[in-house]
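Inside the fold
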Amino acid sequence: MAAPCAEMEPAAPPASAPAAPAAAPGSAGLVCAQGRNLRAVLCQRCGSRVLLPGAATFARRELLLPAMRKKAAAAAAGGGGDVLREHWLVRDMFSFENVGFTRDVGNVKFLVCADCEAGPIGWHCLDDKDSFYVALERVAHE
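This report concerns the structure included in the present document.

Reading guide: rules and limits
Residues numbered from 1 in each chain as written. Predicted model: local features only at pLDDT ≥ 70, side-chain atom pairs only at ≥ 80, totals over all residues. Heavy atoms only, no water. Phe/Tyr/Trp six-rings, centres within 6.5 Å; stacked < 30°, edge-to-face > 60°. Helix = DSSP H or I, 4+ residues; strand = E, 2+ residues; numbered from the N terminus. Buried < 20%, exposed > 50% of the residue type's maximum accessible area, 1.4 Å probe, protein only. Core = buried A, V, L, I, M, F, W, Y, C linked by side-chain atoms within 4.5 Å. Contact = heavy atoms within 4.5 Å. Pairing = 2+ DSSP bridges. Polar contact = N/O pair within 3.5 Å; in protein donor to acceptor, adjacent residues only side chain to side chain.

Moving on, we come to the packing of aromatic side chains. To describe a pair of aromatic rings, one takes the distance between the centres and the angle between the planes. The final tally for this structure, using the stated rule, is four aromatic pairs. Centroid distance F58 to W88: 6.2 Å. Interplanar angle 80°. Geometry classified as edge-to-face. Of this pair, F58 sits in strand 3 (residues 57–66) while W88 sits in strand 4 (residues 81–90), and the two are 30 residues apart along the sequence. Comparing F58 with W88 shows no difference in burial state: the two are buried. The interplanar angle of 85° and the centroid separation of 6.0 Å between the aromatic rings of F96 and F132 together place this pair among those described as edge-to-face. Of this pair, F96 sits in the loop between strand 4 and strand 5 (100–101) while F132 is found in strand 8 (residues 132–135), placing the two residues 36 residues apart along the sequence.

Laid out in structure tokens, this is it:
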């Protein structure tokens, strides 16, 4: 049986989330007044374009992503990861310019750069077909 997506998220006390979260200091200059990305989103390693400006909405959600490593190092090292809170939320998978998806890990697919396979840069729960999260800390902007 596949693990529910909630198991991939760290435990947090319930809180009411605002409809349009305000940009955090770390995202200054990246988010427009409507909450969308002002700049293109790029792979940190190879510079490949992942999203065009305006293709995603700023969202806050705590997600646990495995540490970024090359494929061979990740396979050898096993677990470990980072809790990331600021993401670009993409509602349509065809909005991406260049992204790949890992095999299912429970009910989750991780997003990687389709050119150099750096990642994971984001997260997609198979239970929610319309939500793809790209972590701001895992990508560059131009």
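Next comes the rest of the write-up.
Residues L51, W88, F96 and L111 are the most contacted members of the largest nonpolar core, which totals 18 residues. At the level of elements, strand 2 (49–51), strand 4 and strand 8 are the ones that each hand at least two residues to this core. Leave out the neighbours within four places in its chain, and L51 touches A40, V41, A56, W88, V90, S95, F96 and E97. In terms of nonpolar packing, the next biggest core, distinct from the first, is built from 11 residues, A59, F110, W123 and Y133 among them.

A word on the sheet that holds strand 5. Reading across from one edge, 3-4-8-7-6-5 is the order of the six strands in this open sheet, with antiparallel pairing throughout. The sheet is open, and its two edges are formed by strand 3 and strand 5, each paired on a single side. As paired elements, strand 5 and strand 6 (residues 108–112) share two bridges and run antiparallel to each other. Bridge pairing in strand 6 places G100 opposite V112.

Mapping S48 onto the fold places it in the loop between strand 1 (41–43) and strand 2. By relative accessible area, S48 is classed as buried at 10%. Among the polar contacts listed, one links the side chain of S48 to the side chain of N98, at a separation of 2.3 Å. Every residue in contact with S48, bar those within four places of it in the chain, is listed here: V41, L42, C43, N98, C113 and D115.

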